Structure formats: C-alpha cells, structure tokens
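Coordinate analysis (summary)
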Amino acid sequence: MGRTFDVVVIGGGPGGYAAAIKAAQLGLKTACIEKRVHQSTPALGGTCLNVGCIPSKALLDSSHKFFEARNDFKAHGIQVKDLSMDVALMQQRKDKVVKQLTQGISTLFKANGVQWLQGIGQYLGKKTVEFRPLEGAPETLSCEHVILASGSEPISIPVAPLQEDIIVDSSGALAFTEVPKRLGIIGAGVIGLELGSVWARLGSQVTILEAMDSFLPMVDKQIGKEAAKLYRKQGLDVRLGARVVGAQVKQGTVTVNYVEADIEQTLEVDKLIVAVGRRPYTENLLGSGSGVNLDERGFIFVNAHCETDVPGVYAVGDIVRGPMLAHKAMEEGVLVAECIAGCKPELNYDLIPSVIYTHPEVAWVGWSEEDAKNRGEPYKVGVFPFAANGRALAAHEPAGLVKIIAHKDTDRILGMHAISTQATELVMQAVVAMEFGATAQDLQLMVFAHPALSEALHEAALAVDNKAIHIAPRRVRKS
Ligand code: FAD
Ligand code: NAD
C-alpha cells in the first residue's frame, strides 16, 4: 500500500482544485490527482482555465477591442488609421493569461499544503485510489474520503467527425492561427455564440446551424429575441431548425449538408466548429468494484450534498447533475470539503447565475417570465432599456435592457435578466438581493450611484410597479 491521505481528489479543474484547497484549509491531509498536460506542461485548472472559460474570455476581450477600434471609436471622435490585427500575438496573450492562472493554482496548492499528484486516478472502492503517474510505477493510495471531479468532454456527432484543424471542437476553435474567411458552427448554444462572436469580430463570415426551432430556449423569451436581433446585426447568421446530415473536407474546404424545412442545403466553409454540448467524462475513473452509480445520462449519481451511493465518496462539477458551469463546480467543491470536515453547508442551486459572454452580454438568475407563467404564479414585470441610461449612452453602449420578475402578491424578486454591456456584473447585484430575499420595493428604496449601469436595475425594479422615473409609464386601462 502507498501513501495515506484524509482526502484524495480526482481532477484538478474548478470543482477539484477548490475542493482540495478548502479541504487542506480545514486541516485535512489532501492530494489532488490531475492528468492534464497543456502545451507540453502538466497543468491544473481543468477545462475552465486551460481550454474553456479563461482562454475564450481572453479572445472575446481581444476581439472586442479590435471590433470597437474598427467600428465604435469613430463615434467617440477617435480616428484609427491602418488598424490591423495580429492573431499570433492575440493567441500568445491568451496563452500567457492561461499560464499565469494555472500556475497560480499550483502556487495555491503549495501555499495550502495540497499535494498535486500528476497522473491518472481511479477510485477502486474500499477507500483506495489507484494513482498512475505521468511517469513511473502505479501506486495504491488509501484515504478516508474521495472527491470525484473529472469534468466533461465535448459531445461528438458522427455526421461531422473532427478532422485535424479543419473540423474542430471548442479547444480547436480557441487555437486557430488565422481568421477563417468562412466559419461554420454546429450548435447555437453558449460556445457557438461566444466563439462565433470572437471570429466574426475579427472578420469571419459566420454561419451557425442550430437543430432546434427555438433560439436560446433557456433564456427569457424577450431577452432571447433582443439577443437574436443584435447578433444578426453583428453578422452572425443563425439558421434555426437546421439539422446537419454530413460534413466532408475536400482540398481544405468543408462542405456541410443540412436539412432545413425538409429541404437539403449545403454550406461551404473553411473551418467548422462542432459545439453541440458536453457530456460527463468518467473514462477509467471507477474500478469495477467501486460501488459508485451513474444515472441514465452518464452523470455520477449524487444526493443534495454531492455524496455518491458510497458513503465518503463525493462527486462535484460537470460530472454531476446541474448546469455545467465553473462557479457551480467550485461551490460544490467547497461544499463537499466542508461536509467532510463536519460543517453543515448548503448550496442554493436556485440562484446560480448564467452568462453568455457575447457583446452585449446576456446574464440571468432565477425565473424567466415563462417560468412564472408555467408555474401558474401571479407575477409582475419591470423592464428598463439601456437607451434611457445615462452611463450607457455616455459609453456608447445603448443596446439592451434589464428585466425583473417579481411575485405579484409578495413582491419578492423571482428572476432578473439582462442583456447589456457588463451584464455579468449587474446580474450579481440581483443574486445578492435575491439571496437576501429582496422584494422589488427593496431595490426601489435603495440609492444607486449616478451615472451607473446599475441604475437600470433600480429603474427596472421601479418599473415592476409602473413607477420608473426615466421611461414613460405604461398606460393602465381604467375600468
Ligand atoms: P473540468 O474543468 O473539466 O476539470 C476536470 C479535470 O479532471 C480535467 O482537467 C481532467 O484532465 C481531469 N481528469 C479527468 N479524469 C481524470 C482522472 N481519471 N485522473 C486525473 N485527472 C482526471 N463555465 C463558466 O462558468 N463560465 C464560462 O465562461 C465558461 N466558458 C467555457 C468555455 C468553453 C469553451 C468551455 C468548453 C467550457 C466553458 N465553461 C464555462 C464550462 C466550465 O469550463 C466547466 O463547467 C468547468 O470547467 C467544470 O469544472 P470541473 O472541475 O467539473 O471539470
Ligand atoms: P449548449 O448545450 O449550450 O448548446 C448546444 C447547442 O447545440 C444547443 O442549442 C443544441 O440544440 C444544439 N445542437 C445539439 N445537437 C445538434 C446538432 N446535431 N445539430 C445542430 N445543433 C445541435 O452546449 P455548448 O455550447 O456546447 O456548451 C457546453 C457547455 O459548456 C454548456 O453546458 C455550458 O454551460 C458550458 N459553457 C458555459 C459558458 C458560459 O458560462 N459562458 C461558455 C461556454 C460553455
């Protein structure tokens, strides 16, 4: 038998690394096994830091700056002559940011006394984990508790198999070395829209093929409609009800065959991104006698405290039910470490915010108007457009709106939705308010700094009761 730990974490992404750091902080002897090698170097941080949240946001920010310089600076009276881009430099900056953050996790491990074991982990059952190092002989670790955090992988579809750097998944699309003239994307989900935005801003002609007839079904309908209008204006050609039936590469060009309204169509592109969702990754994670069960969709089955069917074995992040989001994974990691240490933590799954990092950003928390309708709850709605917000106009960012849904009887805020510049930061104000059980009136009575984008939140809360100051009141019919 090899080394002994209180806690062994398998997977060093947001779920795993947060769990490991918290467990060590709570005095538990902790190891984290991570097998990832990124650009020839062993790396912590998982999908999020290496090929997900961080590199995509680095490219979104770079491409947004380019887009602004080309299209928006002139509105501020700034002329830019001979504007050009250097994709290689953009990629180098992205890689630098990734490296800084992944090395930061390794530093945090050292500072907190977490042992990083570089290699593959497999939970064998009976408080043992097999560790196969990147180099050297396997070792059987014994431990009181195991946290499984092996994450997710892109779903592949047989009609469009990945091919070198031409038909790619999200990781491939984050590594393009030049701007594709024509870019096809299968899937108008979060990845399709974010990566489509990056390359469209840099000059690609982007076509997104979405199998479903509805656009962004998880988003409040009014906000989704606004998003569709703005994306179209930005040149994203989203084709709904488009079912891809084949994709072939010939002489560097991809021909995509798809069926739209029963008619077979073709699309020729230089690169094709397959972004049709992700699935839990559990390959070689569990030995045959582990006793850990998966649900019918391949997620590890856990209870409300992320414990599997085996006492003392937990699972967090993308391999368990719930949204595949880094912040959800991290908070589950912390929750589990605290459970192991004997605390009694809770995680409010109802108030996990979601963001699509396009420009403008789309962000929401809680119920949409459709949710309130479907649940048969009486509700009221307040909407405020950024075109009437002084700070947004000063910044030349007039697009979008804030929407608040409140309970008609109790006035409690049920949901907040925004499409705007910096909607990510705005939605967090709603999360804080909703965590404290705020009503629309609570937000109405607060003093917001002026001028601020947040004033739109204040005004949307006022609009819930038709009391907004900076838009005309809704006409209420007198009976
Ligand atoms: P992961 O981050 O996938 O980490 C799991 C780790 O476990 C991996 O590094 C893997 O190598 C390792 N591993 C697996 N099996 C083993 C094993 N047997 N032994 C050792 N190691 C193993 N989410 C957001 O909230 N915001 C965003 O902006 C965002 N942007 C994204 C952009 C893209 C392009 C993608 C693909 C995803 C994005 N996500 C975003 C989702 C986010 O990346 C995931 O929700 C998050 O990484 C999940 O964390 P995790 O710890 O569960 O898994
Ligand atoms: P997604 O589920 O968001 O979108 C996939 C889209 O592909 C859906 O609209 C689906 O209808 C469509 N689709 C599925 N099969 C298809 C087919 N055969 N042809 C055409 N369309 C098809 O998945 P994603 O965009 O791949 O993202 C994966 C996960 O990563 C998401 O769960 C998301 O939470 C996470 N992520 C989050 C962020 C963020 O928080 N900003 C960013 C990127 C990724």
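The following paragraphs examine the structure supplied in this document.

Around ligand 1 lies a shell of 38 residues, among which Glu34, Thr47, Lys57, Asp318 and Ala326 are the nearest. Lysine 35 has a polar backbone atom sitting 3.3 Å from a nitrogen atom of ligand 1. Here an oxygen atom of ligand 1 and a side-chain polar atom of arginine 36 are 3.0 Å apart. Burial of ligand 1 by the protein amounts to 94% of the accessible area it has alone, namely 1000 Å². Every element with two or more residues in the shell around ligand 1 is listed here: helix H1 (14-25), strand E2 (30-34), helix H2 (46-51), helix H3 (53-71), strand E5 (115-125) and helix H8 (326-340). Among the elements that make up the shell around ligand 1, the one with the highest residue count is H2 (4 residues). Split into classes, the residues belonging to the shell around ligand 1 amount to 15 nonpolar, 17 polar and 6 charged.

Looking now at the packing of aromatic side chains. Evaluated as defined, the whole model comprises 2 aromatic pairs. Between the aromatic rings of phenylalanine 176 and tryptophan 199, the centroid separation amounts to 5.4 Å while the plane-to-plane angle is 55 degrees, which identifies the pairing as tilted. Residue phenylalanine 176 is located in the loop between helix H5 (170-173) and strand E10 (182-186), and its partner tryptophan 199 is located in helix H6 (residues 190-201); the two are separated by 23 residues in the primary sequence. Note on accessibility: phenylalanine 176 and tryptophan 199 belong to one class, buried. Ring geometry for phenylalanine 215 against tyrosine 231: centres 6.1 Å apart, planes inclined by 85 degrees, an arrangement best described as edge-to-face. Linking phenylalanine 215 in the loop between strand E11 (205-209) and helix H7 (221-233) with tyrosine 231 in helix H7, this pair joins segments that are 16 residues apart in sequence. Judged by its relative accessible area of 16%, phenylalanine 215 falls in the buried class.

With respect to spatial proximity, 19 residues lie near ligand 2, and among them Ile191, Glu194, Glu210, Gly277 and Val355 are the closest. Between isoleucine 191 and ligand 2, the recorded distance is 2.9 Å, taken from a backbone N or O atom to an oxygen atom. A distance of 2.9 Å is found between an oxygen atom of ligand 2 and a backbone nitrogen or oxygen belonging to glycine 277. Burial of ligand 2 by the protein chains amounts to 75% of its free accessible area of 840 Å². If you tally residues by element for the shell around ligand 2, the top one is H6, at 3 residues. Looking at the shell around ligand 2 residue by residue, the class counts come to 13 nonpolar, 3 polar and 3 charged.

Glancing now at the nonpolar core. Here is a general trend for soluble globular proteins: nonpolar side chains tend to be buried in one another's company. The biggest cluster of nonpolar side chains holds 36 residues, and the ones touching the most others in it are Tyr231, Ile273 and Val362. Counting residues per element, the ones that place at least two in this core are H3, helix H4 (87-112), E10, H6, E11, H7 and strand E20 (361-366). Not counting residues up to four positions away in its chain, the partners in contact with isoleucine 273 are Val168, Asp169, Ala173, Phe176, Leu183, Gly184, Ile185, Ile186 and Leu195. Grouped together as the second largest cluster of nonpolar side chains are 31 residues, Ala23, Leu28, Leu49 and Val316 included.

This part covers the pattern of salt bridges. By the definition in use, this model includes 16 salt bridges. Between glutamate 139 and arginine 3 there is a salt bridge; the shortest N-O distance is 2.8 Å. Within this pair, whereas glutamate 139 is found in strand E7 (residues 139-148), its partner arginine 3 is found in the segment before strand E1 (4-10), the two being separated by 136 residues in sequence. Judged by its relative accessible area of 34%, arginine 3 is partly exposed. When the shortest N-O distance is used, the salt bridge between lysine 380 and aspartate 411 registers 2.9 Å. Here aspartate 411 lies in the loop between strand E22 (401-407) and strand E23 (413-420) and lysine 380 lies in strand E21 (residues 379-385), a separation of 31 residues in the sequence. Neither residue differs from the other here; lysine 380 and aspartate 411 are each classed as buried. Because the salt bridges share partners, they merge into one network encompassing Asp220, Glu369 and Lys403.

About the cut-offs
Residues numbered from 1 in each chain as written. Chains lettered and ligands numbered in written order. Predicted model: local features only at pLDDT ≥ 70, side-chain atom pairs only at ≥ 80, totals over all residues. Heavy atoms only, no water. Near = heavy atom within 4 Å. Polar contact = N/O pair within 3.5 Å; in protein donor to acceptor, adjacent residues only side chain to side chain. Areas by Shrake-Rupley, 256 points an atom, 1.4 Å probe, with all protein chains shown as cover. Helix = DSSP H or I, 4+ residues; strand = E, 2+ residues; numbered from the N terminus. Nonpolar A, V, L, I, M, F, W, Y, C, P; charged D, E, K, R; others polar. Phe/Tyr/Trp six-rings, centres within 6.5 Å; stacked < 30°, edge-to-face > 60°. Buried < 20%, exposed > 50% of the residue type's maximum accessible area, 1.4 Å probe, protein only. Core = buried A, V, L, I, M, F, W, Y, C linked by side-chain atoms within 4.5 Å. Contact = heavy atoms within 4.5 Å. Salt bridge = Lys/Arg side-chain N within 4 Å of Asp/Glu carboxyl O.

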